[in-house]
Amino acid sequence: MAYKIVASQCTVCGACEFECPNAAISLKRDMYVIDPKKCTECEGHFDTAQCAVVCPVPDTCIPA
């Protein structure tokens, strides 16, 4: 499974992009998106998905 970013809640702050150990998050058409092929939910790197940890808006980075 992978995480996704709820576009209507995203403030485009960019915090998540730099925390992703798999480079799965990128800016597309002025919105951050998570590539589900690259997202591992940070398994093998962290205990929890870092995008969800660093996002300043609760429930914006969620399991897909």
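Source: prediction; values computed, not measured.

## Structural notes on the overall build of the protein
- Helix and strand counts for the protein stand at two helices and four strands.
- Sequence-ordered secondary structure for the protein, helices as α and strands as β, is β-α-β-β-α-β.
- Expected size for 64 residues packed as a compact globule is a radius of gyration near 11 Å; at 10 Å, the protein falls within 12% of this value.
- Taken over the C-alpha atoms alone, the protein extends approximately 30 × 20 × 20 Å along its principal axes.
- Of all 64 residues assigned to the protein, the portion counted as buried reaches 28%.
- The contacts in the protein between residues at least 6 apart in sequence include a share of 58% that link residues at least 24 apart.
- Carbon together with sulfur atoms contributes 53% to the accessible area of the protein, which is approximately 4,200 Å² in total.
- Of the side-chain charges in the protein, 5 are positive and 8 negative, and the distance between the mean point of each set is 13 Å.

## Some details on the environment of Tyr3
- Here Tyr3 is to be found in strand 1 (residues 3-5).
- Once the C-alpha coordinates of Tyr3 and Cys39 are considered, the two residues, 36 residues apart in sequence, prove to be 6.9 Å apart.
- Those residues in contact with Tyr3 that sit more than four places away from it in its chain are Ile34, Cys39, Glu41, Ala49, Cys51, Ala52, Cys61, Ile62, Pro63 and Ala64.

## A short note on the state of the cysteines
- With the rule as written, the count across this model stands at one disulfide.
- The disulfide that involves Cys51 links it to Cys61, with 2.3 Å between the sulfurs. Judged by the torsion about the S-S bond (-65 degrees), the Cys51/Cys61 disulfide is left-handed. Of this pair, Cys51 sits in helix 2 (residues 50-54) while Cys61 sits in strand 4 (residues 61-63); the two residues are ten residues apart in sequence, bridging distant segments of the chain. Comparing Cys51 with Cys61, the two get one shared label, buried.

## Quick notes on the pairing of strand 2 (residues 25-28)
- Pairing geometry for strand 2 and strand 3 (residues 31-34), over four bridges, is antiparallel. Each residue of the ladder has a partner; that of Ile25, found in strand 3, is Ile34.
- Counting the residues in the hairpin turn of strand 2 and strand 3 gives two residues, including Arg29, whose phi is positive at 50 degrees.

Calculation rules
Residues numbered from 1 in each chain as written. Predicted model: local features only at pLDDT ≥ 70, side-chain atom pairs only at ≥ 80, totals over all residues. Heavy atoms only, no water. Helix = DSSP H or I, 4+ residues; strand = E, 2+ residues; numbered from the N terminus. Rg over C-alpha atoms; globule rule 2.2 N^0.38 Å. Buried < 20%, exposed > 50% of the residue type's maximum accessible area, 1.4 Å probe, protein only. Contact = heavy atoms within 4.5 Å. Areas by Shrake-Rupley, 256 points an atom, 1.4 Å probe, with all protein chains shown as cover. Lys, Arg positive; Asp, Glu negative; His and termini not counted. Charge placed at Lys NZ, Arg CZ, Asp CG, Glu CD. Disulfide = S-S within 2.5 Å. Pairing = 2+ DSSP bridges.

By themselves these figures say nothing about function.
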